[in-house]
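Fold and geometry: a report
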Amino acid sequence: MAEFNPVLGSFLNIYRIPDLRKRVLFMLGLLAIYRVGSFIPTPGVDSAAMQEFFSQQTGTIFGFMDMFSGGNLSRLSIFALGITPYITASIILQLLTVVWPFLERLSKEGELGRKKINQYTRYLTVGLCLFQSMATSIALERTEALPPIVPNPGWGFRLMTMLTLTTGTTFVMWLGEQISERGIGNGISLIIFAGIVVGLPGAAYSLLQDWVAGELHIVAILALLAMMVLVIAAIVYVERGQRRIPIQYAKRVVGRKMYGGQATHLPLRVNSGGVIPVIFAASIVAFPSTLGLVFPDVSWMQAMSEQLRQGFPLYNLIYISGIMFFCFFYVSIIFNPDEVADNIRKYGGYIPGIRPGRRTSEYIDRTLSRLTAAGAVYLVLVCLLPEFLITGFKVQPIPWIGPGIDNFLVNYDLDFITTGLGVNFYFGGTSLLIVVGVAMDTVKQIESQLIMRHYEGFLKKGRIRGRRG
């Protein structure tokens with residue numbers, strides 16, 4: 001059967017290679033351990049009251065963190081903080097590497113410097129865990145809920161929560177590092193991936209219940225599934241898209257040998273920032289809503305939290321502006337056109353029609369800016385699509401013109417624009433980008449392992465064409 005089914009044959013090839021088979025099984029085993037730990041509760045919390053509370057937290061930092069932790073925060077399990085503190089620490093260290101000469105020198109020292117930076121990342125992760133777990137425990141104690149989420153508040157509960165959640169996140173961080181070293185794929189990304197996709201069966205069952213209850217027509221369900229397939233295909237297409245700048249290396253004679261004279265290219269991705277700009281923007285737009293939960297008696301914070309709910313104009317404005325800003329900001333940090341142009345000139349290369357040096361740097365920077373603008377628009381569209389399907393775009397709070405627009409939409413039966421389509425688009429913007437990106441990266445790594453051992457990968461047809469070319 002494998003001869004007639006290339007995909008099945010590729011999966012069988014994985015288990016024909018002992019080393020690759022061990023890596024895949026090791027990865028699956030550690031992910032299973034992570035899922036088992038997700039159901040071990042933190043002492044001192046009423047789980048039923050916690051679930052009821054989190055059902056109302058869409059759009060806050062709690063709901064945002066719960067998505068990355070795979071539902072651990074809503075259950076307040078020992079892995080409640082998930083891997084988010086480690087990601088935050090990694091981003092902070094990466095940003096500091098650009099502005100702090102000490103870290104910049106470490107990053108250029110090869111493997112030894114990388115290990116030292118990873119050690120600092122772990123220390124910062126523990127510090128962030130202690131702070132976040134303390135803030136979480138205080139916020140839960142102050143939450144007005146019946147029955148109370150924390151039956152016995154006080155420093156005993158706070159210290160126990162800090163110890164439990166910090167230890168849990170440290171263990172998850174260790175699991176991710178072990179997967180990266182001894183498994184297949186990026187361990188941290190796979191842990192987030194597992195936390196997101198684990199809710200897919202529940203989402204499918206929810207759609208089935210809505211269809212049986214008559215709340216959703218079969219046509220609407222089929223349209224939703226078709227839209228998900230189209231969006232995923234679009235994400236794959238854009239994530240693989242790149243602008244290839246041609247580079248020509250001049251011939252040079254060293255002794256009796258001639259070097260150079262080859263043509264290559266500089267690949268610039270359309271979405272160079274990945275999902276990082278979306279994470280930053282979502283964290284910022286959710287922060288005021290979180291303050292409204294921690295300080296329920298402050299009126300102006302409550303008013304701001306109300307205006308920053310999903311679908312409201314201020315929420316959309318800040319969210320879109322944040323994604324656009326962080327796209328350019330993050331790309332400017334991770335990519336230095338001056339350094340790239342200097343390296344091209346140093347090795348005797350040049351872009352046809354562009355003078356080496358400053359002109360090359362300006363050309364690369366201009367091209368990268370256009371690609372980043374296109375990538376930012378793409379991220380905005382992907383992130384706003386689920387917002388529209390779930391909540392719609394609320395125009396009523398827009399000053400002066402909002403009520404008139406709302407009345408116009410209602411009169412012409414277009415009120416679905418402000419109320420949403422009444423469907424739950426399971427893969428939201430951030431989670432959809434993570435799931436597709438991690439899946440593509442893992443398949444690519446497995447494929448490279450298969451090709452190194454003379455087996456065809458998952459993209460068999462394209463690889464054969466590439467070899468013949």
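Heads up: these notes are all about the structure in this document. (Residues numbered from 1 in each chain as written. Predicted model: local features only at pLDDT ≥ 70, side-chain atom pairs only at ≥ 80, totals over all residues. Heavy atoms only, no water.)

**Details of the overall build of the protein**
Put simply, the rule reads: Going along the chain from the N terminus, every DSSP run of H or I of four or more residues is numbered as a helix, and every run of E of two or more is numbered as a strand. Each residue gets one of three labels from its accessible area relative to the maximum for its type: buried under 20%, exposed over 50%, partly exposed in between, using a 1.4 Å probe on protein chains only. We call two residues in contact when some of their heavy atoms are within 4.5 Å. Using a 1.4 Å probe, the Shrake-Rupley method yields the accessible areas, and only the shown protein chains count as cover for residues.
Per the secondary structure count, the protein includes 21 helices and five strands. Relative to its 469 residues, the protein shows a buried fraction of 43%. A sequence separation of at least 24 residues applies to 70% of the contacts in the protein between residues at least 6 apart. Only carbon and sulfur atoms are counted for the fraction: they give 64% of the accessible area of the protein, which is about 25,600 Å².

**Some thoughts on the environment of D46**
The topology assignment puts D46 in the loop between α2 (18-37) and α3 (47-54). Since its relative accessible area comes to 24%, D46 is described here as partly exposed. Note: C-alpha distance between D46 and I149 (103 residues apart in sequence) is 5.1 Å. Those residues in contact with D46 that lie beyond four places of it in its chain are P147, P148, I149 and P151.

**Overview of the packing of aromatic side chains**
Applicable threshold: To pair, rings of Phe, Tyr and Trp, with the six-membered ring standing in for Trp, must have centres within 6.5 Å; the planes then decide the type, stacked if under 30 degrees apart, edge-to-face if over 60, and tilted in the middle. Ring-over charges, as used throughout, are those where CZ of Arg or NZ of Lys falls within 6 Å of the ring centre and within 35 degrees of the ring normal.
Applying the stated criterion across every chain, the model contains nine aromatic pairs. Ring plane angle 20° and centroid distance 6.0 Å describe the contact between F79 and F171, whose orientation is recorded as stacked. Of this pair, F79 sits in the loop between α5 (72-75) and α6 (84-99) while F171 sits in helix α9 (residues 155-182), and the two are 92 residues apart along the sequence. What makes F171 partly exposed here is its relative accessible area of 34%. Ring centres of F171 and W174 lie 5.9 Å apart, and the angle between their planes is 25°; on these two criteria the pair is classed as stacked. Linking F171 with W174, this pair stays in helix α9, spanning three residues, or about one helical turn. Aromatic ring contacts, followed pair by pair, group Y34, F79, F171 and W174 into a single cluster. The ring of W155 is capped by R158, whose NZ or CZ atom sits 4.8 Å from the centre of that ring.

**Notes on the state of the cysteines**
Simply put, the disulfide is a covalent bond whose two ends are the sulfur atoms of two cysteines. Rules: Cysteine sulfurs are considered disulfide-paired once they come within 2.5 Å of each other.
Applying the stated criterion across every chain yields a total of zero disulfides. Left without a disulfide partner, C383 is nearest to the cysteine sulfur of C327, which lies 9.1 Å away.

**Some points on the packing of α6 against helix α8 (residues 111-142)**
Rules: Note on geometry: axes are lines fitted to C-alpha atoms, helical ones only across the stretch in contact, with angles between N-to-C directions running from 0 to 180 degrees. Oblique is the label for every angle not falling under 35 degrees (roughly parallel), over 145 degrees (roughly antiparallel), or within 65 to 115 degrees (roughly perpendicular). Each helix crossing is assigned a hand: it is left-handed if the near helix lies turned anticlockwise from the far helix by less than a right angle, otherwise right-handed if that turn is clockwise. As a working rule, the residues Ala, Val, Leu, Ile, Met, Phe, Trp, Tyr, Cys and Pro are called nonpolar, Asp, Glu, Lys and Arg charged, and the rest polar, with Gly in that last group.
Relative to each other, α6 and α8 sit at 130°, their axes nearing to 8 Å. Comparing their axes, α8 and α6 come out oblique. Handedness of the crossing formed by α6 with α8: right-handed. Counting all contacts with α6, which are made through P85, Y86, T88, A89, S90, I92 and L93, the residues of α8 involved are Y120, T121, L124, T125, L128, C129 and Q132. Residue composition of the contact of α6 with α8, by class: nine nonpolar, five polar and no charged.

**Here's the deal with empty space enclosed by the protein**
Rule in force here: A cavity here means a set of points on a 1 Å grid, drawn over the protein atoms and nothing else, where a 1.4 Å probe fits but cannot get out; a pocket is an open set with protein on both sides within 12 Å along at least five of seven lines, and a residue lines either one if it has an atom within 4 Å of a point. Grid points are joined across faces, edges and corners, and a volume is the space filled by probe spheres set on the points.
All told, the structure shown has one cavity of 30 Å³ or more when counted by the stated rule. Here the largest cavity defines a volume of roughly 50 Å³. Around the largest cavity, the lining residues are R269, V270, N271, S272, G273, C327, V331, L368, L371, T372, G375 and A376. Within the residue set of the lining of the largest cavity, elements represented by two or more residues are α15 (313-334) and α17 (358-390). If one sorts the elements of the lining of the largest cavity by residue count, α17 sits on top with five residues.

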